[in-house]
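Breakdown of the fold
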Amino acid sequence: MSAADVEVGRLGSELHEGLRSLLGAWALDACTVQEATRLETHLLSCPACREEARQLRDAAGWLSADEPLDPEPSLRRQVLDGCLDRREPAFRVPAYAEPFVAETARLDALLRDLGELDWMEPATLRWHAGTEQRRPADVLCHLAAVDGVLARTLGLPDPTEGADLAERDARLCAAQAERQPTAVRALWRAQTRAVVETAALAPPDLAERLVDYGAFQLPLADAFLDRAFECWIHAEDIAEAVGYPYHPPRGAHIRSLIGLAARILPHVFPSGQPGAGRVVQLIVEGRGEGEWLIPVDAPGPPPPVDTLPTATVAIDGVEFCHLCAGRRDPHRIPAGITGDKELARALLAAAPLLSRP
Amino acid sequence: MPVSSPTPIRWDRQIQRRLARGEESALGELYDQFAPLVHGLANRVLGDQAAAEEITQDVFAHVWQHPESFDPAQGSMRSWIGTLTHRRAVERLRREAAGADAGLGCADGAPLEPPSVEEEVLAAATAARVQYIVSSLPQALRETLLLTYFGGRTYRQAAKELGIAPDTAKHRMRLGLQLLATALSTEPAL
């Protein structure tokens, strides 16, 4: 049986046997401090005991199976901030990547809890022009295929190929179809971690670099927000399919996601009139609370803060995100409207156009 | 699942190097990988959410401040972090018990919590394989291991509670862990 019964070596004394008999208790942290100190001193000079100590310590570690209940998601930021206060990081995670880090970590925690049958449960993915049923592993392929355009921009390997998002997605799904869900999860997760690591090590002007989505481009910082947004929404789809609770992102992150939507909306606004200079003020209440001025006729930088809006829309932050994700009916969503009602309605109707299959 | 697929040694070394370089992203990955282990273990030993969160903070701060003290030759990152956690949790438990004893004048070695540890542990274990191996250990070894590890007992306290000699308790702990180590090393990894 293991190293326990092998030849004792040069230290065959009673002392050695006495200390060796403590190894189990030591590995379980069940000795007194004095005993532990004596044993640890002995380990320095006794390879046989050292090897057994390593094995037993490792075995003891397996007694603690991971708890099925994950710690509160808010604990993550708290613990990390506590660490960073004690030792300044040399390479910070850029602020623009934080929602992505948080959302991928939350989805990964959900995936950790999925049982074998949960991985068979089809989730319903919606966008403004349709729905699709996919099992969780295929949802992960979908996320990884689009995350891949970001990876590619950062000089990392692309898990699939091509420019068109739908083709990339289909190709990756086909390539991964025979693999275990855990392997697909590992692939998705490794890529999310690699892009964050790479962005954190890169010079700050990287945030401006354009990421090519095929049909459009986004600066890298916005692409990270886009990926966080989609990760959250599809995590909700998976959670809904398996009947797990799933909460919206933190307020600060919701605010960043809404900011992204506000920046892109003028680009997809179908009733824009170049030169008309109309501005919709978006007032977000609840989680992600804040105000944005959306220049619906002129895609580009937001107008000065004192601009008089043509219309004002007041809406709940999480509801607005769901609207942008194609999960709410723009004609039924509760919103407070003042000013040009038709324009305000047109903005709400345009929001789901931000969703993609 | 982290339990059935131990993180490879290469990952351990890489993350250690990145922590040493001061990469916040490495700290985040480490947290995501091990927070359920750390928080879960501390919570099981201490039975107190707030205390478990403090231990979690303390363990990750230690790793972040002293990544160089991880020695891959001594075992995996998971095992190291598990050890840091367990040690802190039982130290705290014993400190609190000592405080309570001093205040209430309890006898030394009195039970620290209801004796349902074993059942709870087995019920809550998510890893079927580890659960299987542990549950197939002889009863005497199993109860000694679980009472000690999750109950935070010293071997002398455990001996008293189980009505056995301290030497017998030590022997059971060592033998139980040896059996577990052998079973874990011969079972195929997922």
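Turning to the overall build of chain A, a few remarks are in order. Counting secondary structure elements, chain A contains 13 helices and eight strands. A globule of 357 residues ought to have a C-alpha radius of gyration of about 21 Å, yet chain A, at 27 Å, is considerably larger. Within chain A, the fraction of its 357 residues that count as buried is 45%.

Glancing now at the interface of chain A and chain B. Often, the extent of an interface is quoted as the loss of accessible area on bringing the components together. At the junction of the two partners, chain A supplies 54 residues and chain B supplies 62 residues. If you list the elements that add at least two residues to the side of chain A that touches chain B, you get α2 (23-27), α4 (47-62), α5 (73-86), α6 (98-112) and α9 (181-201) of chain A. Tallying contributions element by element places α4(A) first for the side of chain A that touches chain B, with nine residues. Class assignment for the residues of the side of chain A that touches chain B results in 30 nonpolar, nine polar and 15 charged.

So, on to the packing of helix α7 (residues 136-153) of chain A against helix α8 (residues 165-176) of chain A. Residue and element names in this part refer to chain A. Contact geometry for α7 and α8: axes closest at 8 Å, N-to-C directions at 130°. When the axis of α7 is compared with that of α8, the two are oblique. Crossing angle aside, the handedness with which α7 passes α8 is right-handed. Counting all contacts with α7, which are made through A137, D138, C141, H142, A144, A145, V146 and G148, the residues of α8 involved are L165, R168, D169, L172, C173 and Q176. Here the contact of α7 with α8 is built from residues that sort into eight nonpolar, three polar and three charged.

Before going further, it helps to examine the sheet that holds strand β8 (residues 336-339) of chain A. All names here are of chain A. One open sheet accounts for four strands, arranged β6-β5-β7-β8; its pairing is mixed. Lying at the two open borders of the sheet, with one neighbouring strand each, are β6 (290-294) and β8. Averaged over all neighbouring strand pairs, the angle between strand axes comes to 15°, with direction disregarded. Against the sheet, helix α11 (residues 251-268) touches β5 (280-285) and β6, its axis set at about 10° to β6. Packed onto the sheet, helix α13 (residues 341-350) meets β5, β6, β7 (311-316) and β8 and runs at close to 45° relative to β7.

Here chain A is described as being made up of domain 1 (3-62), domain 2 (89-247) and domain 3 (260-354). Spacing between the C-alpha centres of domain 1 of chain A and domain 2 of chain A amounts to 46 Å.

Quick reminder: α-helices carry 3.6 residues per turn. Residues three or four places apart thus point the same way. Residues and elements named next belong to chain A. Within α13 the residues assigned to the buried category are L343, A344, L347, L348 and A350. In an axial view of α13, the angular spread of the buried residues amounts to 165°, which keeps them on one side of the axis. Opposite the packed face of α13, turned more than 90 degrees from it, sit the exposed residues K341 and E342. Check the buried side of α13 and you find it contacts α11, β5, β6, β7, α12 (317-324) and β8.

Let us now look at the nonpolar core. Counting 76 residues, the largest nonpolar core has A:L257, A:V280, A:V313 and A:L347 as the members making the most contacts within it. When near neighbours in sequence (up to four residues on either side) are disregarded, A:V313 contacts A:V280, A:L282, A:I283, A:A335, A:I337, A:A344, A:L347 and A:L348.

Residues and elements named next belong to chain B. Predicted confidence across chain B gives a mean pLDDT of 80, with 76% of residues reaching 70 or more. Segment residues 1-6: pLDDT under 50, and 17 contacts once partners within four positions in sequence are set aside and those in other chains are kept. Confidence drops under a pLDDT of 50 for residues 103-126, and excluding neighbours within four residues, the segment shows 32 contacts in the predicted structure. Confidence estimates for the predicted assembly give a pTM of 0.80 and an ipTM of 0.80.

The predicted model of chain A has a mean per-residue pLDDT of 92, with 95% of residues at 70 or higher. Segment residues 4-9 of chain A: pLDDT under 50, and six contacts once partners within four positions in sequence are set aside and those in other chains are kept.

Let's shift gears to the environment of A:L353. All names here are of chain A. Within the element layout of this structure, L353 appears in the segment after α13. Remark: the alpha-carbon pair of L353 and F269, spanning 84 residues in sequence, is separated by 8.4 Å. In this structure, L353 is in contact with H128 and V268, ignoring residues within four places of it in sequence.

So, on to the pairing of β5(A). Residue and element names in this part refer to chain A. Residues V280, L282 and V284 point to one face of β5 and are all buried, whereas Q281, I283 and E285, pointing to the other face, are not buried. Where β5 hands over to β6, the hairpin turn is made up of four residues, of which G286 adopts a positive phi near 75°. Note: β5 against β7, six bridges, orientation parallel. When the bridges of β7 are listed, V284 appears paired with I315.

A word on the environment of A:A207. Residues and elements named next belong to chain A. The topology assignment puts A207 in the loop between α9 and β3 (210-212). Classification of A207 by C-beta neighbours within 10 Å gives partly exposed; the count is 18. A207 sits 14 residues away from A221 along the chain, and the two C-alpha atoms are 4.9 Å apart. Apart from residues no more than four positions distant in its own chain, A207 is found in contact with P94, Y96, P219, L220 and A221.

The next thing to look at is the packing of α11(A) against α12(A). All names here are of chain A. For the pair α11 and α12, interaxial distance at closest approach is 10 Å and the crossing angle is 45°. Relative to α12, the element α11 is oriented oblique. By crossing handedness, the relation of α11 to α12 is classed as left-handed. Here I254, L257, I258 and A261 of α11 come into contact with α12, specifically with G317, V318, F320, C321 and C324.

Definitions and cut-offs
- Residues numbered from 1 in each chain as written.
- Chains lettered and ligands numbered in written order.
- Predicted model: local features only at pLDDT ≥ 70, side-chain atom pairs only at ≥ 80, totals over all residues.
- Helix = DSSP H or I, 4+ residues; strand = E, 2+ residues; numbered from the N terminus.
- Rg over C-alpha atoms; globule rule 2.2 N^0.38 Å.
- Buried ≥ 20, exposed ≤ 12 C-beta atoms within 10 Å, placed from the backbone.
- Contact = placed C-beta atoms within 7 Å.
- Nonpolar A, V, L, I, M, F, W, Y, C, P; charged D, E, K, R; others polar.
- Axes fitted to C-alpha atoms, helices over the stretch in contact; angles between N-to-C directions.
- Parallel < 35°, antiparallel > 145°, perpendicular 65-115°, else oblique.
- Left-handed = near helix turned anticlockwise from the far one by under 90°.
- Pairing = 2+ DSSP bridges.
- Domains from an automatic or database assignment.
- Arc of directions from axis to C-beta.
- Core = buried A, V, L, I, M, F, W, Y, C linked by C-beta atoms within 7 Å.
- pLDDT = per-residue confidence, 0-100.

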